[in-house]
Amino acid sequence: MSENKEPHVAKFVYDFTEGNKDLKDLLGGKGANLAEMTNLGLPVPPGFTITTEACKVYLESGAEPAALRDEVSAHLDALEAKMGKKLGQADDPLLVSVRSGAKFSMPGMMDTVLNIGLSDKSVQGLAQQAGDERFAWDSYRRLIQMFGKTVLGVDGDLFEEALDKAKEAKKVAVDTELDAADLKKLVARFKKIVKAEAGRDFPQDPREQMDLAIKAVFDSWNGDRAKLYRRQERIPHDLGTAVNVCSMVFGNLGPDSGTGVAFTRDPASGHQGVYGDYLQNAQGEDVVAGIRNTVPLAELEQIDKKSYDQLMQIMETLENHYKDLCDIEFTIERGQLWMLQTRVGKRTAGAAFRIATQLVDQGLIDETEALQRVTGAQLAQLMFPRFDDEAKVEQVARGIAASPGAAVGKAVFDSYTAVKWSRSGEKVILVRRETNPDDLDGMIAAEGILTSRGGKTSHAAVVARGMGKTCVCGAEELEVDTKRRRMTVPGGHVVEEGDLISIDGSTGKVYLGEVPVVPSPVVEYFEGRMHPGADDADELVEAVHRMMAFADRKRRLRVRANADNAEDALRARRFGAQGIGLCRTEHMFLGERREMVEKLILADTEEEREAALRELLPLQKKDFVELFEAMDGLPVTIRLLDPPLHEFLPDITELSVRVALAESRQEPHENELRLLQAVHRLHEQNPMLGLRGVRLGLVIPGLFTMQVRAIAEAAAERKSAKGDPRAEIMIPLVGTVQELEIVREEADQVIAEVEAATGTRLKLAIGTMIELPRAALTAGQIAEAAEFFSFGTNDLTQTVWGFSRDDVEASFFTAYLEKGIFGVSPFETIDKDGVGSLVKAAAEAGRRTRPDLKLGVCGEHGGDPESVHFFHEVGLDYVSCSPFRIPVARLEAGRAATQSAGSDHR
């Protein structure tokens, strides 16, 4: 156990009247927003918040801060004075809830306990005060159930089974039909379960209940499901959680009471209106768990118009105050409305774009803030295909469209199977009656989630929206049998585990079999086949168009494409590319041209080698002419041949078999034998660190000069055709300036020869890739011979980490991610501390030598949202990525340029 080191803070506990929404780091999102609503004069039950700093001390040392108990006691005394009653007193007891509340919302991932303060004595006082014996015993059984599972670690299924048996014995379907006598028996049964499983009696001291619940919430920060959720959502592990102690209000006091969740706009579509769920005679956990099906929030107007009207007014107040979609939890206690929570609501990708533009139009936010409300990851999600409306399909059910997308997979009925099948390469749909936080692993592994219970505010819906996962909830026509691993659809058809199903999270429709998909309308827009404002364009396309225009106006980083042929270049240009940042010439040597490369490799004499190069020259030139034409007026960075030559030769095993067979049959095999000898000659133990890149150009005479000549002649031809070619020649894998100087001298000579022969003045920039640690460390020297640097972050990551990408991702990356060594693969998002520090140092050193040095990146990181922000920060001029990721990079470049401190829209 480490030493108890307490931070120098004034206090560890804040009353709801003391905080505000900007103290999320200290009070967590829930506590900060409860304080904000209190400050706004909204009806919030009194309470207090234990800070994240207290949690950090507890997690680091294993003990609460020494001052915490006295501070909690002082705030509890103040709460009791305000409420006029004591915690758990025998007559008319004060009851409280203990809830988690981290800076970033983690729905269902940490612990909550309601009704703390009830005991064998105080339950009688609650019954007398409320005039409702059933309500009191229902509240007590809920406390024992939640406390037993959350605080004492009792298997929650044991309580559920006991509850089911009680309903079976009474021959009723729902727990609201159990009377006070039934619930008394159930409380006795629950207490026996606690004694048997936890080895202790359920605590009767209300302060002990509260203290143990607070510790349980602290501990839940490091629970398996919480850690998994943080890894999935990239939430830092060192933030800790706050704990909110709030006086209880009751939605389970009868038909004039209830609980609900409301959204100021539809979190699935972004449309304005009345959205949410309400459940009469219930507590909040009933709504989120999805165990009982709710009614739409709009029906509250008929049930309790006074509370409905007040809620609508409060929702408007909160949205105007937060200037965003708000997610609200409320309870009505005998006609009195109480606000239990608000937060900036999670939303789908489409809703995010629609809401951002709506709020701009309403004058609530400006373009700069709008860009912080959407992300590149959301845009990428909108570009995924959707189901074909015209396909012949068999629809079997329709539920609530909880999180959009088109998902196809094999039906599985538990989280373990979802993970297991997914890891073996199967696409699965997780089918449950309702999900709970323990299903998180399976939800992450699945293509989509389908439940027969719950609404838009159930656990499945909220978590799926946060992850961008397709989800259909509340498909009541489906009879899900998880024990027999099957579901029965209307008409009696049975879907067994492993059968293919398709779900549409945009419509709520469920289909048997695989439904074909068609391109997204957002991709149609980027391709130029759908125009904003046209009759066939929907409002989502219009919203995306406007947000892209915002980003393009704000961004400093230019965005280029990785493209190797004219077709890809034209698509990239339609997607908004401002040039080509990487043309990989090795891709031009595949197919029919492979034999020409073989001739070059097998050449025994200088004449044979020159003949092979002469054969390749016109083909290379034609490639470059087409590329320059497609990208006329924009820069085209062409990387000279990079991979080892053995990659252009047949597989050594396959070739050995062919030679052996030919010899056994006494057939001619001279060419195969020469190829096999060449393969053996060129074989390397680690070819990615062998004869490749600039080393090839230095070892094989004429190879790089042929490519430079093809580029120069193609540029001259385009200039003579009144074109505007802007070629840039990039030398790969340079580790020392001397390599670059030699290649550059030869390239300059070839360019001069082409200029003389064609009478055309060519401006061809020559630069290099920085993809080796030594190149980054000596960038100041290399800049003397380079007009531009392009950071090859794929190879730079390999060489900095000592990873062979093709091997490590399959062998141990999964374990590294699960153990938290990586938050995300360093090949996916730039490693800022290691690889990133080299990029930053090389950029600075290069520009000290050559102030006008152009800087870009052409690795996969060029299209990764988080990495784009880093490249903006270190002063690069452009990023380059695959054509499909160009819109994402454009959006993130705009967001990076307008990033404002404190924008925590997750």
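First, a word on scope: everything that follows refers to the structure included in this document. Keep in mind that this is a model prediction, so the values were computed, not measured. (Residues numbered from 1 in each chain as written. Predicted model: local features only at pLDDT ≥ 70, side-chain atom pairs only at ≥ 80, totals over all residues. Heavy atoms only, no water.)

A count of helical and extended segments in the chain gives 36 helices and 31 strands. The C-alpha atoms of the chain give a radius of gyration of 33 Å, which matches the 29 Å a tight globule of 906 residues would have. With the principal axes as the frame, the chain shows a C-alpha extent of 105 × 65 × 65 Å. Within the chain, counting contacts between residues at least 6 apart in sequence, those at least 24 apart form 68% of the total. Within the structure as shown, the chain displays about 37,300 Å² of accessible surface, and the carbon and sulfur contribution to it stands at 47%. Positive and negative side-chain charges of the chain, numbering 111 and 144 respectively, have mean locations separated by a distance of 2 Å. (Helix = DSSP H or I, 4+ residues; strand = E, 2+ residues; numbered from the N terminus. Rg over C-alpha atoms; globule rule 2.2 N^0.38 Å. Contact = heavy atoms within 4.5 Å. Areas by Shrake-Rupley, 256 points an atom, 1.4 Å probe, with all protein chains shown as cover. Lys, Arg positive; Asp, Glu negative; His and termini not counted. Charge placed at Lys NZ, Arg CZ, Asp CG, Glu CD.)

Here we come to empty space enclosed by the protein. Counted under the stated rule, the structure contains 3 cavities of 30 Å³ or more. Of the residues assigned to the lining of the largest cavity, the class counts are 6 nonpolar, 7 polar and 2 charged. (1 Å grid on protein atoms, 1.4 Å probe; cavity = no way out; pocket = protein on both sides within 12 Å on 5 of 7 lines; lining within 4 Å. Points joined across faces, edges and corners; volume = space filled by probe spheres on them. Nonpolar A, V, L, I, M, F, W, Y, C, P; charged D, E, K, R; others polar.)

A separate point is the packing of helix H31 (residues 793–801) against helix H34 (residues 832–849). Two elements in contact, H31 and H34, have axes separated by 9 Å at closest approach and are oriented at 120°. The angle between H31 and H34 falls in the class oblique. Judged by the sense of rotation from one axis to the other, the crossing of H31 with H34 is right-handed. Within the contact between the two elements, H31 uses Leu796, Thr797, Val800 and Trp801 and H34 uses Val835, Leu838 and Val839. (Axes fitted to C-alpha atoms, helices over the stretch in contact; angles between N-to-C directions. Parallel < 35°, antiparallel > 145°, perpendicular 65-115°, else oblique. Left-handed = near helix turned anticlockwise from the far one by under 90°.)

This part takes up the packing of aromatic side chains. Any two aromatic rings considered together are summarised by their centre-to-centre distance and by the angle between their planes. In this structure the tally under the stated criterion is 20 aromatic pairs. Summarising the aromatic geometry, the rings of Phe624 and Phe628 are spaced 6.5 Å apart at their centres and angled 25° between planes, so their arrangement reads as stacked. With a gap of 4 residues between them, Phe624 and Phe628 both fall in helix H23 (residues 606–630), about one helical turn apart. Relative accessible area serves as the criterion here: at 0%, Phe624 is assigned to the buried category. (Phe/Tyr/Trp six-rings, centres within 6.5 Å; stacked < 30°, edge-to-face > 60°. Buried < 20%, exposed > 50% of the residue type's maximum accessible area, 1.4 Å probe, protein only.)

Throughout the structure, instances matching the rule amount to 62 salt bridges. Here Asp564 and Arg584 are joined by a salt bridge, their closest N and O atoms 3.3 Å apart. Linking Asp564 in the loop between strand E24 (558–562) and helix H21 (566–574) with Arg584 in strand E25 (residues 580–584), this pair joins segments that are 20 residues apart in sequence. (Salt bridge = Lys/Arg side-chain N within 4 Å of Asp/Glu carboxyl O.)

If you walk across this open sheet you meet the 3 strands as E18-E19-E20, and the pairing is antiparallel. Each edge of the open sheet is held by one strand with a lone partner, namely strand E18 (479–481) and strand E20 (494–496). In this sheet, adjacent strand axes meet at a mean angle of 15° when their direction is disregarded. When strand E19 (residues 486–488) meets E20, the two strands line up antiparallel, connected through 3 bridges. Considered in E20, the bridge of Arg486 is made with Glu496. (Pairing = 2+ DSSP bridges.)

The next thing to look at is a negative patch on the surface. Side chains of Asp155, Asp157, Glu160, Glu161 and Glu197 sit close together on the surface and give a patch of like negative charge. It is helix H6 (residues 156–170) that provides the largest number of residues to the negative patch, a total of 3 residues. Residue placement: Asp155 occurs in the loop between helix H5 (133–150) and H6. (Patch = residues over 30% accessible without salt bridge, like charges linked within 9 Å, V, L, I, M, F, W, Y side chains within 5 Å.)

Geometric values such as these leave the question of function open.
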